[in-house]
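Each chain, written out:
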Amino acid sequence: WTKSEWTEGNKVVLENEVMYKLDFSGRNLSQITFKHCDLSRSNFSECDLHGATFEDTILAYADFEKCNLNYSVFERCDCTWTDFNHATFHHSRLDGAYFMCGCLTNTDFTDAVMKHTTFLHNNMIGTKLCNVYAGDGWNWIVHPIIHQTDFTGMVLGNTTLCGFQNLTPRSGTIGLDEDTDVAPDDNDENMIFGGD
């Protein structure tokens, strides 16, 4: 790839490619860019995707288990039924990403930035959302399966920007600072706020 027409400088840029069900497992794909690609059912398990960009890309049913996705970017991506178990997203940026019915067990989003991102019906057992900034644009976490999920230090922004619906935490912690305002909700009795 580094000698192909897909290269821009030292970066590999793949655009409008259909890569359905390909096996990338264990490879170093750091700094790669996928634009308008179909990566459905592809296997990225244990890949190094540090600094990778996924833009307007279909990742449905793909496997990202144990991936290094630190400093990665997910813009307007379909992550339906995608496996991110034990993946790390430190300092990553999620903008318009859609996670539905995915596996996010022990996934680590520490210091990530989320904007217009939706998590719907995901398994988020043991997920770390520590110091995640979700203060710009709507972000939704709806009907999650959570246990030992850590929200410590997560910044939700003002009351109109981040919604939690039908959230039933067990051993969950949402760390809020004194400047954070959380709107009353029909499900307030199911929410646990702790930390700072």
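Coordinates for the structure precede this section.
My aim in this report is to walk through the structure given alongside it, one point at a time. (Residues numbered from 1 in each chain as written. Predicted model: local features only at pLDDT ≥ 70, side-chain atom pairs only at ≥ 80, totals over all residues. Heavy atoms only, no water.)

Some words on the overall build of the protein
Broken down by element type, the protein carries zero helices and 14 strands. Tracing the protein from N to C terminus, the helices and strands come up as β-β-β-β-β-β-β-β-β-β-β-β-β-β. Counting only residues that meet the buried cut, the protein has 47% of its 196 residues in that class. Summing over all exposed atoms, the protein offers an accessible surface of approximately 9400 Å²; the carbon and sulfur share of this is 46%. (Helix = DSSP H or I, 4+ residues; strand = E, 2+ residues; numbered from the N terminus. Buried < 20%, exposed > 50% of the residue type's maximum accessible area, 1.4 Å probe, protein only. Areas by Shrake-Rupley, 256 points an atom, 1.4 Å probe, with all protein chains shown as cover.)

Overview of the pattern of salt bridges
When the charged atoms of two side chains lie near each other, side chains of opposite charge can form a pair. For the structure on display, the rule yields four salt bridges. One salt bridge connects arginine 76 with aspartate 56, and the closest N-O pair in it is separated by 2.8 Å. Residue arginine 76 is located in the loop between β5 (73-75) and β6 (78-80), and its partner aspartate 56 is located in the loop between β4 (53-55) and β5; the two are separated by 20 residues in the primary sequence. You can call arginine 76 partly exposed: its relative accessible area is 42%. Here aspartate 56 falls in the partly exposed class, since its relative accessible area comes to 27%. (Salt bridge = Lys/Arg side-chain N within 4 Å of Asp/Glu carboxyl O.)

Brief notes about unusual backbone geometry
One non-glycine residue with positive phi stands out, namely glutamate 46, at about 60°. With respect to the helices and strands, the residue glutamate 46 is situated in the loop between β3 (33-35) and β4. Judged by relative accessible area, which is 52%, glutamate 46 ranks as exposed. If you check the backbone angles, glutamine 148 has positive phi at about 60° while not being a glycine. On the secondary structure map, glutamine 148 appears in the loop between β11 (139-142) and β12 (150-151).

Concerning the environment of isoleucine 146
Assignment of secondary structure puts isoleucine 146 in the loop between β11 and β12. When the C-alpha atoms of isoleucine 146 and threonine 105 are compared, they prove to be 9.0 Å apart, with 41 residues separating the residues in sequence.

Structural notes on a nonpolar patch on the surface
Side chains of Val113, Tyr133 and Val155 sit close together on the surface and give an oily, nonpolar patch of about 200 Å² of accessible area. Counting through the fold element by element, valine 113 comes out in strand β9 (residues 113-115). (Patch = residues over 30% accessible without salt bridge, like charges linked within 9 Å, V, L, I, M, F, W, Y side chains within 5 Å.)

Notes on the environment of glutamine 31
Looking at the element boundaries, glutamine 31 is found in the loop between β2 (11-15) and β3. Apart from residues no more than four positions distant in its own chain, glutamine 31 is found in contact with Lys11, Val12, His50, Gly51 and Ala52. (Contact = heavy atoms within 4.5 Å.)

Thoughts on the nonpolar core
Leu49, Phe54 and Phe74 are the most contacted members of the largest nonpolar core, which totals 42 residues. Once you skip the residues sitting within four places of it in the chain, phenylalanine 54 turns out to touch Phe34, Leu39, Leu49, Leu59, Phe64, Leu69, Val73, Phe74, Glu75 and Cys77. (Core = buried A, V, L, I, M, F, W, Y, C linked by side-chain atoms within 4.5 Å.)

Let's talk about the packing of aromatic side chains
A full pass over the atoms with the stated rule returns 16 aromatic pairs. Note on phenylalanine 44 and phenylalanine 64: the rings are 4.8 Å apart at their centroids and 5° apart in plane angle, and the pair reads as stacked. Taken together, the residues phenylalanine 44 in the loop between β3 and β4 and phenylalanine 64 in the loop between β4 and β5 connect sequence positions 20 residues apart. A relative accessible area of 0% places phenylalanine 44 in the buried class. With 5.9 Å between their ring centres and 85° between their planes, phenylalanine 54 and phenylalanine 64 make a pair best called edge-to-face. A residue pair is termed long-range when its members are at least 10 positions apart, and phenylalanine 54 in strand β4 and phenylalanine 64 in the loop between β4 and β5 qualify at ten residues. The same class applies to phenylalanine 54 and to phenylalanine 64, which are both buried. Site record: aromatic cluster; members linked through ring pairs are Phe24, Phe34, Phe44, Phe54, Phe64, Phe74, Phe84, Phe89, Phe99, Phe109 and Phe119. One cation-aromatic arrangement involves arginine 41 over tyrosine 61; the distance from NZ or CZ to the ring centre is 4.2 Å. (Phe/Tyr/Trp six-rings, centres within 6.5 Å; stacked < 30°, edge-to-face > 60°. Lys NZ or Arg CZ within 6 Å of the ring centre and 35° of its normal.)

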